[in-house]
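# Structural characterization, general
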Amino acid sequence: MNIQFNRILCFIPMMVLSFFISGAFANDLGSPVETRKMVSTDYNDLVNRALPRYENIKLQQRFESIVRKFPNGLDTLKIRSLNDLEKVLTLKSQRTPARLKVQKLKDMTYEVNPVVGKLEFVRDVKQPMRLSKKVGLQKMSELKRIHGGILKKMGIAEDQIFFKQTSLLMSQSETNPNLGPVKKTSPVVVGITTDVIRAIDGILIEGNSVKLTTFSNNDVDLLTVKWPRFRFAPSIRSYKLKNRDNLKHLIAEKVHSIIGNSRGKVKMAVVLLPVGEGDNLTMVPAMKVAVTAVDSGEGVVFYENLLDQDLNLESDIIDSDSGGSRRM
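A short tour of the structure in this document, coming up. (Residues numbered from 1 in each chain as written. Predicted model: local features only at pLDDT ≥ 70, side-chain atom pairs only at ≥ 80, totals over all residues. Heavy atoms only, no water.)

## Let's talk about unusual backbone geometry
Our working definition: A run of H or I in DSSP counts as a helix once it spans at least four residues, and a run of E counts as a strand once it spans at least two, with each numbered from the N terminus.
Notably, threonine 90 is not glycine yet its phi reads approximately 50°, a positive angle. The residue threonine 90 is located in the loop between α5 (82–88) and β2 (102–104) in this model.

What follows is the structure in structure tokens.
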């Protein structure tokens, strides 16, 4: 008998992990759409064309407006303990002492770290759903509502949601091509997932996201939340931005060090970058730059300080799930 291999046909979270793929930054905070596929050996031209078209004064005013609106920061996540998470996910209460942050049971594990706004929940699913696409779409409508209710209970406020999408996860099996003609099964729905990206005043907060996935008859079998308290770094004295020509020069130097004289692609977006850790986690305005060396396929993501003052961006940076290498 031929051995069967399963492969996931549709996995939307990959789109969420990179705003460049999602196209969500098709505005003045991201690279112009027409530059997304541009390939060149001229790194100065790549950077010049890919730099977002925001106006310095207007963007500075947006940052200042956020400071005025949230002078003491913003923390809407309501989950502070394992008991809180159990209530939101309607799990059996384990009456866990508040000091404990991780619960490991026979069929599930969950963790709560309110200091950095991190939640994780994983259920051991013995038999995932296997639905036709038609039935899966009907199920998706129901779970979209359920997932949305869980987001609200957790404190994931609508005015902080930059992107939200519920999608089908589909799988297809095929026989081993080394053992004869390949035979494929019909694609089936094995899960339904909702992905959320966070922003403040339309400015993406790097690495802040939520994923809820259902593989069975439960409401949620997998939950990952990165939603820390938002506050700007206290070391910021002014939100005056770097001169655009100076910014392009700094970025071009780094791009050249990555691709040299080979063919490359460059994409950028303005983000709020979390730096530090624990109670010291704060945000700074930065330009996220994704550089791809076309011939090798290797990619690097780095960040450039947007403000016209020195900031220690080389301190610890949270994992942004951006993919590829990362450096400052």
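After that view of the structure, there is still more to cover.
## Focus: the pattern of salt bridges
Going by this rule: The salt bridge criterion pairs a side-chain nitrogen of Lys or Arg with a carboxyl oxygen of Asp or Glu, the two atoms within 4 Å.
One pass over the full model with this rule turns up 16 salt bridges. For glutamate 55, the salt bridge goes to lysine 58, with nearest N and O atoms at 3.9 Å. Among the salt bridges present, the one from arginine 62 reaches aspartate 201, with a minimum N-O distance of 3.7 Å. Here arginine 62 is found in helix α4 (residues 56–69), whereas its partner aspartate 201 is found in the loop between β6 (188–200) and β7 (203–214), with 139 residues between them in sequence.

## Topic: α4
Residues separated by three or four positions in an α-helix point in the same direction, a consequence of the helix having 3.6 residues per turn. What counts, and what does not: To estimate the expected span of a helix, count its residues, drop one, and scale the result by 1.5 Å. Only protein chains enter the calculation, and the probe is 1.4 Å; a residue is then buried if its accessible area is under 20% of its type maximum, exposed if over 50%, and partly exposed in between. Our arc is simply the arc of the directions from the helix axis toward the C-beta atoms.
The end-to-end C-alpha distance of α4 is 20 Å, a good match for the 20 Å that 14 residues give at a rise of 1.5 Å each. Within the sequence span of α4, burial applies to Leu59, Gln60, Phe63 and Ile66. Here the buried residues of α4 occupy an arc of 115° about the axis, which is enough to place them on one side. Exposed residues lying more than 90 degrees from the buried face of α4 are Ile57, Lys58, Arg68 and Lys69.

## Considerations on the pairing of β7
Where we set the bar: Note on pairing: two strands pair once DSSP finds at least 2 bridges between them.
For β7, a buried count of 12 out of 12 residues is recorded, marking the element as mostly surrounded by other parts of the structure. Note that β6 and β7 share eight bridges and pair antiparallel. Across the sheet, residue isoleucine 197 finds its bridge partner in β7, namely serine 209. Between β6 and β7, which pair antiparallel and follow one another directly, the connecting turn spans two residues, one of which, aspartate 201, has a positive phi of 50°. Sheet analysis places β7 next to strand β8 (residues 222–226), joined by five bridges and oriented antiparallel.

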